Amino acid sequence: MRTVKYDDIVNAVKNMIIYSTTHLGEDMLQALKEAYEKEQSEVSRAVLAQLLENAELAAKETKPLCQDTGLAVYFVKVGEDVRVDGGSLKEALYEGTQKGYKEGYLRASTCDCFTRENLKDKIGYNLPPVIYFDLVKGDRIEIEYAAKGGGSENASRARVLAPAQGIQGIKEFVKQVVSDAGPNACPPYTVGVGIGGTFDYAAVLSKHALYREVGSLNPDPDLAKLEQELKDELNKLGIGAMGMGGTQTVLAVHIETFEPGRMCHIASLPVAVNIQCHSARHAHITL
Amino acid sequence: MAEYRLTTPLSDEDVSKLKAGDIVYLSGTIYTARDAAHKRLVDLIQKGEPLPFDLKGAVIYYVGPTPPKPGEVIGSAGPTTSYRMDSYAPILIEHGLKGMIGKGRRNDAVKEACKKHKAVYFGAVGGAGALLAQRIKDAKVIAYEELGPEAVRELVVEDFPVVVVNDTFGNDLYEEGRKKWAQA
């Protein structure tokens, strides 16, 4: 049984948070540059230029790209042959989150649902994070992290379609969600689409789809084709950067299905759409 | 598409010349407020009590900045989504508010109030928090410190870049932009 030290996890998580909230990933920089080249609307091009300038400045000054540094959302794969020495993995993720947000001068954005009170001194600084654990073979711990802002979560939706609605129904739903999001959730968007499983699991899939490298090809050729078709259709909506009107509304569409294959219940066709703003901050580490 | 440099407080004349799509560089004092602060401001108006700042000609920026690092005036400070303030904005506009800075659509009641009482809604580039913070020269909390990022702050800005989204004539940049670029 391999062991990983609790403190090493805390520090790795902390560093990952501070780095990724201040440095936009290479995939996103590339996608924004491409959108800037392709955009035909002058006002949207000006917005994209500002976003690239913002990314440069944020990295130079280690200043958050966006003031909404989000809820911390983790997907964690834990090997069956590894254990944490000195505490639990969950506690390490909590402590790493708190330290990363506090020491990185990031915003504590969690609050009580009802009173809306910020409980950073009682519950913890930007705690709790959202964590999805998965048990896998091997002796490693893989942690994927995203800083998920509120604006784009507010524009996300899940629905269980009737099987007869099929691929056409999925396309219409995705289009409706992006159209309704319009200027509100900071386009150009990455659109995460989860298909299959149950009502809740489709939403989890749609979130995890956003962790994929922007611009990468889906390994399933059918899904890769569907992603491209959706991207082309969504870019015809005319929303543009920050909704000012333009041809570049969506940087990528990422689809994930309930594997193996793309499974669901015989009575259902669950589909969820998780919108990701242009400040897509995600990172992963393996310990 | 015209470009203007304006200094707060804004007058009826200042805002009446603006059209959706115009670029404006704002200088002077502006105030930050989000949902929780708006609720309190409207409660004060309804009780007839004084507000923590003068609404006449004021501009409110919908922002909850990150905490400043030592030596910084403010952390990252880009706009938040504005619709959450829609239920509060018309009463503030009626009482003298002239400008709002945020991102995303407003409802008909806000657009109507902008027309009736001469006020404008500006869009700033969401997610450009580091860049926009450079145009903020001073910041201090003037009310509701316990709200943390949602406290009311007085900001001094210099050439803060915004675009007119909703003007005093009922135009909407988002609707016009999308109509222009949508392909059936």
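Residues numbered from 1 in each chain as written. Chains lettered and ligands numbered in written order. Predicted model: local features only at pLDDT ≥ 70, side-chain atom pairs only at ≥ 80, totals over all residues.

**Some thoughts on the overall build of chain A**
Broken down by element type, chain A carries eight helices and ten strands. In terms of C-alpha radius of gyration, chain A reaches 19 Å, essentially the compact-globule figure of 19 Å for 287 residues. Once the C-alpha set of chain A is aligned to its principal axes, its extents read approximately 55 × 50 × 40 Å. The burial tally for chain A puts 48% of its 287 residues in the buried class. Partitioning the contacts of chain A with sequence separation of at least 6, the portion at a separation of at least 24 is 83%. (Helix = DSSP H or I, 4+ residues; strand = E, 2+ residues; numbered from the N terminus. Rg over C-alpha atoms; globule rule 2.2 N^0.38 Å. Buried ≥ 20, exposed ≤ 12 C-beta atoms within 10 Å, placed from the backbone. Contact = placed C-beta atoms within 7 Å.)

**Let's talk about helix H2 (residues 35–47) of chain B**
Every α-helix winds through 3.6 residues per turn, so residues three or four apart in the chain are directed the same way. All names here are of chain B. Counted at 1.5 Å a residue, the expected span for H2 with its 13 residues is 18 Å, and the 19 Å between its end C-alpha atoms agrees. For H2, the complete set of buried residues consists of Ala36, Ala37, His38 and Leu41. Those residues of H2 that are buried are in contact with helix H3 (89–94) and strand E7 (152–166). Once H2 finishes, Gly48 follows within two positions and takes phi at roughly 75 degrees, a positive value. (Expected span 1.5 Å × (residues − 1).)

**Some thoughts on the interface of chain A and chain B**
Listed per partner, the contact involves 41 residues of chain A and 37 residues of chain B. Those elements that place two or more of their residues in the side of chain A that touches chain B are helix H3 (42–61) and helix H5 (150–154) of chain A. Taken together, the residues that form the side of chain A that touches chain B break down as 17 nonpolar, 18 polar and six charged. (Nonpolar A, V, L, I, M, F, W, Y, C, P; charged D, E, K, R; others polar.)

**Comments concerning the packing of helix H1 (residues 6–22) of chain A against helix H4 (residues 89–103) of chain A**
Residue and element names in this part refer to chain A. Across the interface, H1 lies against H4 with an axial gap of 8 Å and an inter-helix angle of 40 degrees. Put simply, H1 runs oblique to H4. Considering the relative orientation of H1 and H4, their crossing is right-handed. The segment H1 lies against H4, with Tyr6, Ile9, Val10, Val13, Lys14, Ile17 and Ile18 engaging Leu89, Ala92, Leu93, Glu95, Gly96, Thr97, Lys99, Gly100, Tyr101 and Glu103. Of the residues contributing to the contact of H1 with H4, the split by class is ten nonpolar, three polar and four charged. (Axes fitted to C-alpha atoms, helices over the stretch in contact; angles between N-to-C directions. Parallel < 35°, antiparallel > 145°, perpendicular 65-115°, else oblique. Left-handed = near helix turned anticlockwise from the far one by under 90°.)

**Some details on the domain arrangement of chain A**
Residue and element names in this part refer to chain A. Segmenting chain A into domains produces domain 1 (2–20 + 65–148) and domain 2 (150–280). A C-alpha centroid distance of 26 Å is found between domain 1 and domain 2. Counting residues at the interface gives ten residues for domain 1, matched by nine residues for domain 2. Mapped onto the side of domain 1 that touches domain 2, the elements with two or more residues apiece are strand E2 (71–79) and strand E5 (141–148). Here the element with the most residues in the side of domain 1 that touches domain 2 is E5; it accounts for three residues. (Domains from an automatic or database assignment.)

**Observations concerning the sheet that holds strand E4 (residues 130–136) of chain A**
Residues and elements named next belong to chain A. Taken in spatial order, the four strands of this open sheet run E4-E2-E5-E10, and their pairing is mixed. Two strands in the sheet have a free side with no partner beyond their single neighbour: E4 and strand E10 (281–286). Neighbour-to-neighbour, the strand axes of this sheet turn through a mean angle of 10 degrees, independent of strand direction. As defined by bridge partners, E5 adjoins E10 across six bridges and the pair is classed as antiparallel. When the bridges of E10 are listed, Tyr145 appears paired with Ala283. Sheet strands touched by H4: E2, E4 and E5. Its angle to E2, the strand with the most contacts, is close to 150 degrees. (Pairing = 2+ DSSP bridges.)

**Some words on the confidence of the model for chain B**
The predicted model of chain B has a mean per-residue pLDDT of 95, with 100% of residues at 70 or higher. Predicted complex metrics record ipTM = 0.92 and pTM = 0.95. (pLDDT = per-residue confidence, 0-100.)

**Regarding the sheet that holds strand E6 (residues 157–161) of chain A**
Strand pairing within a sheet occurs via backbone hydrogen bonds; the two strands may be parallel or antiparallel. Residues and elements named next belong to chain A. Read from one edge of the open sheet, four strands run E6-E9-E7-E8, paired in mixed fashion. What marks the edges here is a single partner per strand, and that holds for E6 and strand E8 (250–257). For this sheet, the mean angle separating the axes of adjacent strands, direction not counted, is 15 degrees. Two elements, E6 and strand E9 (residues 269–276), share five bridges in a ladder whose sense is antiparallel.

**Describing the packing of helix H6 (residues 166–181) of chain A against helix H8 (residues 221–234) of chain A**
Residue and element names in this part refer to chain A. Across the interface, H6 lies against H8 with an axial gap of 11 Å and an inter-helix angle of 40 degrees. Classified by the angle their axes make, H6 and H8 are oblique. In this structure, H6 meets H8 at a crossing whose hand is right-handed. Packed against H6, whose contacting residues are Lys171, Val174, Lys175 and Val178, the element H8 presents Leu230, Glu233 and Leu234 at the interface. Residues belonging to the contact of H6 with H8 are distributed by class as follows: four nonpolar, no polar and three charged.

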